[in-house]
Structures are given as C-alpha cells and as structure tokens.
Amino acid sequence: MHRDSVLNSLAKIGLAEEALQCGTHISRDHESYKQLIREGKELTPVFSNCSGKHSGMLATAVHLKEDVAGYREIHHPVQQRILDVIKDICEVPKNEIKLSVDGCGAPVHQVPLNQMALGYARLAKPAGEHASALELIRNAMIKHPEMVGGKNRFDTDLMNILNGRIVSKAGAEAVQCIGLVEEGIGISIKVEDGGERAVSVAAMEVLKQLGLVNEQINQTLKDYAHAPVFNARNDRIGVIKPNFILEK
C-alpha cells in the first residue's frame with residue numbers, strides 16, 4: 001500500500017525510485033519482507049518508512065523546477081521552505097531550530113516540546129497563513145490513517161476509533177504528537193530514554209486525563225493503554241502502566 005503510493009507519486013512527477021535518497025531498511029510488514037526474500041529480490045529505497053516524505057520533497061522540487069539531486073541537503077530550497085514553515089507554525093525563530101541528520105538522510109529539526117504541541121494544535125484546528133495547507137494535511141490524515149501509521153499501529157488505530165476528532169503521528173526516538181480537532185489543543189510527548197514501548201501508554205493516559213477517551217475506548221485500545229510485555233517464548237510476563245498526573 002505505502003510502496004505503491006510512493007511509486008505512483010514518483011511516476012506522476014516523472015521520476016524513478018532511484019531518485020529517492022532515503023536509504024532502506026526491513027519493512028515493518030514482515031510478511032512482505034519474507035515475500036521479497038522468497039522472490040529473491042533486494043530491499044530498495046521504497047521500503048524505507050521515510051520514502052513517502054522523500055517523494056513529497058522531490059515533488060515540490062520538480063513542481064518548482066529545482067534541482068532534484070540535492071533535495072535533502074539543508075541548503076536546498078526544499079529544506080529551507082520546510083524550515084520556514086516550522087518557524088511559522090511552531091513559532092520558533094529560524095536560528096533557534098536545532099538541526100541534525102535523520103536516519104533517512106534528510107534534516108531533522110529540534111524544537112521545544114511546547115512549541116511542537118503548538119504546531120499540532122494548529123494542524124488540528126488551522127488558522128492563519130498556512131491554514132489551507134494544514135487543513136488539507138489534517139483531512140488526509142483523518143481520512144487515511146493507515147497511510148500515517150500502517151496496520152496495527154497506534155496512530156492508525158487511535159485515529160480510526162476517534163473518527164475525525166484527532167490527528168496523531170509518532171516520531172523517532174519515542175516522540176508522539178497529537179492534535180485535538182474540536183478543541184484546537186496540541187499534545188507532544190517525548191520519552192526521555194527513547195524507549196518506544198512507553199509512548200502509547202503515556203499518550204493514552206494523557207487523553208484519558210483530558211477526558212477524551214472513555215472506558216469503552218480505553219478498553220478497545222487496552223494494549224496501547226497498558227502495553228503488555230512478552231518474553232522470548234511469547235509469554236506475557238508483565239505490563240507497562242502509566243504513573244503520572246497532569247499538572248493544571
């Protein structure tokens with residue numbers, strides 16, 4: 001599904017998969033990876049979970065008739081536009097946005113958690129200069145949550161069950177951002193040690209304490225709210241539970 005969408009996007013802008021500079025890795029969908037092995041094929045860039053992001057960057061470069069070879073370099077106009085939008089939406093001065101290189105080779109941006117939450121509040125309930133673009137992105141995420149997270153993933157299942165009330169997107173190193181559509185509230189979470197297994201637990205507890213998930217929803221998403229721990233035999237040997245109260 002994701003790979004087909006990326007390849008279709010590239011075809012629309014007249015580029016081949018080789019234009020992607022995101023590297024590759026084993027697919028989260030292990031069955032499709034096993035099928036690739038059975039067919040004697042190699043992993044290619046389209047298997048990267050960042051290939052969609054990279055195809056979008058390439059699309060803007062093609063649309064504006066810019067060089068595509070260096071699209072992921074920080075000096076490229078594509079990356080400068082991304083910086084400008086982060087500056088505007090998160091209200092962080094451009095020179096205060098810290099930069100590094102993501103696992104996929106593109107720039108990655110560090111902003112304070114409260115400013116990250118502001119960005120998701122504006123994504124959830126757009127207003128101002130970038131409102132039309134944010135509304136388009138928000139509606140696409142809500143309509144096609146599986147394109148955000150894939151199958152059996154927290155973002156996908158959360159957006160499906162809350163059905164238009166929320167946008168949700170995980171990030172690397174245990175980051176989770178959520179936007180509440182009706183309330184215009186943004187939530188940003190970072191597990192300090194980068195341990196992803198605690199992310200959904202913290203997110204579900206925040207939503208519960210804010211009164212956004214009832215017991216029925218909590219029960220439906222129980223493995224995200226109280227994440228089970230399994231050993232190498234696949235025996236359930238424990239559970240991860242939240243232990244905090246939000247300050248008001």
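Predicted, not measured: the structure shown is a model, and the values here were computed from it. (Residues numbered from 1 in each chain as written. Predicted model: local features only at pLDDT ≥ 70, side-chain atom pairs only at ≥ 80, totals over all residues. Heavy atoms only, no water.)

Overview of the nonpolar core
For clarity, the threshold we go by: Nonpolar core, defined: a set of buried Ala, Val, Leu, Ile, Met, Phe, Trp, Tyr and Cys residues in which side-chain atoms within 4.5 Å join the residues together. Buried residues are those whose accessible area, probed at 1.4 Å on protein chains only, stays under 20% of the maximum for their type, while exposed residues exceed 50% and partly exposed ones sit between those limits. In this description a helix means any DSSP run of H or I spanning at least four residues, a strand means any run of E spanning at least two, and both kinds are numbered starting from the N terminus. Two residues qualify as a contact provided that any one of their heavy atoms is within 4.5 Å of a heavy atom in the partner residue.
Ranked by internal contacts, the top residues of the largest apolar core, which has 36 residues, are L158, I166, I178, L180, I187, M204 and L207. Tallying contributions element by element places helix α9 (residues 199-209) first for this core, with five residues. Once residues lying within four places of it in the same chain are set aside, the contact partners of L158 are I166, S168, I178, M204, L207 and L221.

Side note on the side chain of S200
Short version of the rule: As used in this structure description, the phrase polar contact means that two N or O atoms lie within 3.5 Å; if the pair is within protein, one of them must be able to donate a hydrogen and the other to accept it, and residues adjacent in sequence are counted only when both atoms belong to side chains.
With respect to the helices, strands and loops of the structure, S200 is situated in helix α9. Separated by 2.9 Å, the side chain of S200 and the backbone oxygen of Y224 make a polar contact. S200 has contacts with F154 and Y224, leaving out every residue within four places of it along the chain.

Topic: a nonpolar patch on the surface
This is how it is decided: Residues with no salt bridge and a relative accessible area higher than 30% make up the patches, which join like charges within 9 Å and nonpolar side chains (Val, Leu, Ile, Met, Phe, Trp, Tyr) within 5 Å. The Shrake-Rupley method, run with a 1.4 Å probe, gives the accessible areas here. Residue values count only the displayed protein chains as cover. The salt bridge definition used is simple: a Lys or Arg side-chain nitrogen within 4 Å of an Asp or Glu carboxyl oxygen.
A surface patch of nonpolar side chains, about 220 Å² in accessible area, is lined by L210, F244 and L246. Note on placement: L246 falls in the segment after β7 (236-240). Classification of L246 by relative accessible area gives partly exposed; the value is 30%.

Focus on the side chain of T156
Inspection of the secondary structure puts T156 in helix α8 (residues 154-162). Classification of T156 as buried rests on a relative accessible area of 5%. Looking at T156, its side chain comes within polar contact range of the main-chain oxygen of G150, at 2.7 Å.

Let's talk about helix α6 (residues 131-143)
Note the threshold: To estimate how far a helix should reach, multiply one less than its number of residues by 1.5 Å. Working note: the arc is built from the helix axis to C-beta atom directions.
Over its 13 residues, α6 extends 18 Å from the first C-alpha to the last, a length consistent with the 18 Å expected when each residue adds 1.5 Å. Within α6 the residues assigned to the buried category are A131, L134, R138 and M141. The buried residues of α6 all sit within an arc of 95° when viewed along its axis, so they share a single face. Residues of α6 that are exposed and point over 90 degrees away from its buried face: S132, L136 and K143. As for α6, its buried residues are in contact with α4 (77-90), α5 (113-124), α7 (146-149), α8 and β3 (166-171).

Structural notes on α5
Look at α5: 16 Å from first C-alpha to last across twelve residues, which is about the 16 Å you get at 1.5 Å a residue. Every buried residue belonging to α5 is among Q115, M116, A117, G119, Y120, A121, L123 and A124, and all of these are buried. Of the surrounding secondary structure, the elements contacted by the buried residues of α5 are α4, α6, β3, β4 (175-180) and β5 (185-190).

Some remarks on the sheet that holds β3
For clarity, the cut-off: A pair of strands is considered paired only if DSSP assigns at least 2 bridges between the two. For every element, the axis is a line fit to its C-alpha atoms; helices are fit only across the contacting stretch, and the angle between N-to-C directions ranges from 0 to 180 degrees.
With antiparallel pairing, three strands are arranged side by side in an open sheet as β3-β4-β5. Across the chains shown, the open sheet's two edge strands, defined by having one partner strand only, are β3 and β5. On average, each strand axis in the sheet is inclined to that of its neighbour by 10°, with strand direction left out of account. In this sheet, β5 lies alongside β4 in antiparallel orientation, the contact comprising six bridges. The residue of β5 that forms the bridge with C177 is S188. The strands that α8 touches are β3 and β4; relative to β3, the one it contacts most, it runs at about 175°.

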